[in-house]
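# Per-entry structural report
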Amino acid sequence: MKKIYSNGEITIVWEPQKCIHSGYCVGSLPEVFKPAERPWMQMENATTQALITAVQKCPSGALVYYLNTI
């Protein structure tokens, strides 16, 4: 089941079944990606560009992003 998170500028989709728990997201932005907390993704703690950079490091494709348009 996909999980969808948004900060208004960007939407990040997480597909847990694809996740290999490489830790790139947590290592890139520990202030955003907090596996022990719910919600585990706290997008308000980083800029949109920082979120994009972190998501692009995901080796499994479990995290993808879309820029929101008006």
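Coordinates for the structure precede this section.
The paragraphs below set out a description of the structure included in this document. Note that this is a predicted model, so its numbers are computed, not measured.

## What about the sheet that holds strand β1 (residues 3-6)?
- Pairing in this open sheet of three strands is antiparallel, and the strands run β1-β2-β3 from one edge to the other. The open sheet has two edge strands with one neighbour each: β1 and β3 (63-67). Within the sheet, the average angular offset between the axes of one strand and its neighbour, ignoring direction, is 20°.
- Inspection of the sheet shows strand β2 (residues 10-14) paired to β3 by five bridges, in the antiparallel sense. For Ile10, the partnering residue across the bridge sits in β3 and is Leu67.
- Against the sheet, helix α2 (residues 48-56) touches β2 and β3, its axis set at about 145° to β3.

## Some points on α2
- Residues Thr48, Leu51, Ile52, Ala54 and Val55 constitute the buried set of α2. Buried residues of α2 fall within an arc of 165° about the axis and therefore sit on the same side.
- On its buried face, α2 is in contact with β2, α1 (24-28) and β3.

## Notes on the pairing of β2
- Among the five residues in β2, five count as buried, and that is most of the element.
- As paired elements, β1 and β2 share four bridges and run antiparallel to each other. Bridge pairing links Ile4 to Val13 in β2.
- Adjacent in sequence and paired antiparallel, β1 and β2 are bridged by three residues, among which Gly8 carries a positive phi angle near 100°.

## Points about the pattern of salt bridges
- Under the criterion given, the structure shown has one salt bridge.
- The residue Lys18 makes a salt bridge to Glu15 at a minimum N-O spacing of 3.6 Å.
- The exposure class assigned to Glu15 is buried, which follows from its relative accessible area of 11%.

## A look at the environment of Val26
- Within the secondary structure layout, Val26 lies in helix α1.
- Classification of Val26 as partly exposed rests on a relative accessible area of 28%.

## Quick notes on the packing of aromatic side chains
- One pass over the structure, following the stated rule, counts two aromatic pairs.
- On the numbers, 4.9 Å between centres and 55° between planes, the contact of Trp14 with Trp40 is tilted. Of this pair, Trp14 sits in strand β2 while Trp40 sits in the loop between α1 and α2, placing them 26 residues apart in sequence.
- Owing to a relative accessible area of 15%, Trp14 belongs among the buried residues under this scheme.
- Exposure remark for Trp40: the relative accessible area of 9% places this residue in the buried category.

Parameters at a glance
Residues numbered from 1 in each chain as written. Predicted model: local features only at pLDDT ≥ 70, side-chain atom pairs only at ≥ 80, totals over all residues. Heavy atoms only, no water. Pairing = 2+ DSSP bridges. Helix = DSSP H or I, 4+ residues; strand = E, 2+ residues; numbered from the N terminus. Axes fitted to C-alpha atoms, helices over the stretch in contact; angles between N-to-C directions. Contact = heavy atoms within 4.5 Å. Buried < 20%, exposed > 50% of the residue type's maximum accessible area, 1.4 Å probe, protein only. Arc of directions from axis to C-beta. Salt bridge = Lys/Arg side-chain N within 4 Å of Asp/Glu carboxyl O. Phe/Tyr/Trp six-rings, centres within 6.5 Å; stacked < 30°, edge-to-face > 60°.

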